[in-house]
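Here's the letter readout for the chains.
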Amino acid sequence: MSGVLTEPDGVPRCPWGMAAESMADYRTYHDTEWGRPVHGDDALFERMSLEAFQSGLSWITILRRREGFRAAFAGFRIAEVARFTEADAERLLADPGIIRNRLKISATLANARVAAELAPGELDALIWSYAPDRAARPAPRSAADVPPVTPESTALAKDLKKRGFRFVGPTTAYAMMQACGLVNDHLADCHVRGETEAAQTAA
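Criteria and cut-off values
- Residues numbered from 1 in each chain as written.
- Predicted model: local features only at pLDDT ≥ 70, side-chain atom pairs only at ≥ 80, totals over all residues.
- Heavy atoms only, no water.
- Helix = DSSP H or I, 4+ residues; strand = E, 2+ residues; numbered from the N terminus.
- Rg over C-alpha atoms; globule rule 2.2 N^0.38 Å.
- Buried < 20%, exposed > 50% of the residue type's maximum accessible area, 1.4 Å probe, protein only.
- Contact = heavy atoms within 4.5 Å.
- Phe/Tyr/Trp six-rings, centres within 6.5 Å; stacked < 30°, edge-to-face > 60°.
- Salt bridge = Lys/Arg side-chain N within 4 Å of Asp/Glu carboxyl O.
- Axes fitted to C-alpha atoms, helices over the stretch in contact; angles between N-to-C directions.
- Parallel < 35°, antiparallel > 145°, perpendicular 65-115°, else oblique.
- Left-handed = near helix turned anticlockwise from the far one by under 90°.

S.K.: Is there a simple way to explain the overall build of the protein in this structure?
M.R.: The number of helices and strands found in the protein is 11 helices and 0 strands. Ordered by position from N to C terminus, the α and β elements of the protein give α-α-α-α-α-α-α-α-α-α-α. Taken over C-alpha atoms, the radius of gyration comes to 17 Å for the protein, in line with the 17 Å a tight globule of 203 residues would show. Counting only C-alpha atoms and orienting by the principal axes, one finds that the protein spans roughly 55 × 35 × 25 Å. Counting across all 203 residues of the protein, residues that qualify as buried make up 47%.

The structure is reproduced here in structure tokens:
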């Protein structure tokens, strides 16, 4: 039995993309971003950071503040965020456009400093090296078929932690893998499943 939902526009989507309280925002993100391949050190650092901020919150909370996060964190340009000072950390704690969580802000700044020590393209290569064999992963039929963690996300989280990255556990790592197209967890009958599959194959 298919787990997609089709209300109100009759287009089949993954159920989370039809969350009633925020349908328009989720629908756009679901249809145009989630599961599409993301490359580039800065772009992946942004996704890693936003997924860490999402921990314990609903994704819509982060999605609606994304532009605020980008403004606050210099567009998530690693080289710039790595130079943030304690004064910047205090500024961020007072910024209503983001989630003002001291531990998450501190982790983001620390992660930028770790990422800045890597060679150009190394963060991209590191994260994508944990992409599983898509041919071995059947398309999920319902939300129950989508795991919260995988062996690959557990291994990625362990590798990142070993290098000094913080606030990126196996669940957060898997959410990043889903969002950045390392896996395709759109349901089998979702209307963008084929598009994301093609995009991942071409990446």
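Still more ground to cover, so stick around.
S.K.: Looking at this structure, how should I read helix α1 (residues 23-32)?
M.R.: Helical periodicity: at 3.6 residues per turn, an α-helix aligns residues three or four positions apart in one direction. Along α1, the residues that are buried comprise Tyr26, Tyr29, His30 and Asp31. Buried residues along α1 sit against α3 (59-63), α4 (66-72) and α10 (170-179).

S.K.: Can you help me understand the packing of aromatic side chains in this one?
M.R.: Two numbers describe a pair of aromatic rings. These are the distance of the centres and the angle of the planes. Under the defined criterion, the tally for this structure stands at 10 aromatic pairs. With a centroid separation of 6.5 Å and an interplanar angle of 15°, the aromatic rings of Phe73 and Phe84 are classed as stacked. Linking Phe73 in the loop between α4 and α5 (78-81) with Phe84 in the loop between α5 and α6 (86-93), this pair joins segments that are 11 residues apart in sequence. One exposure class covers both Phe73 and Phe84, and it is buried. Members of the aromatic cluster, joined through ring pairs, are Phe45, Phe53, Phe69, Phe73, Phe76 and Phe84.

S.K.: Would you mind showing me how to read the pattern of salt bridges here?
M.R.: A pair can form between side chains of opposite charge whenever their charged atoms are brought close. Taken as a whole and judged by the stated rule, the model has 17 salt bridges. Of the charged contacts in the structure, one is a salt bridge between Arg70 and Glu46, with a shortest N-O distance of 2.8 Å. Here Arg70 is found in helix α4, whereas its partner Glu46 is found in helix α2 (residues 41-54), with 24 residues between them in sequence. Taking the relative accessible area as the measure of exposure, Arg70 reaches 26% and is therefore partly exposed. The salt bridge involving Arg70 is made with Glu67; its shortest N-O contact spans 2.7 Å. Residue Arg70 and its partner Glu67 are located together in helix α4, separated by 3 residues, close to a single helical turn. Residue classification places Glu67 among the exposed residues on the basis of a relative accessible area of 53%. Ionic contacts of the salt-bridge type, sharing partners, join the residues Glu46, Arg47, Glu67 and Arg70 into one network.

S.K.: Explain the packing of α2 against α10 to me, please; I cannot follow it from the model alone.
M.R.: Axis angle and axis distance: for two packed helices, these are the angle between their axes and the distance between the axes, and together they describe the pair. Relative to each other, α2 and α10 sit at 130°, their axes nearing to 9 Å. With respect to each other, α2 and α10 are oriented oblique. Crossing handedness for the pair α2 and α10: right-handed. Between α2, through Leu44, Arg47, Met48, Glu51 and Ala52, and α10, the contact on the second element is made entirely by Thr172, Ala175, Met176 and Ala179.

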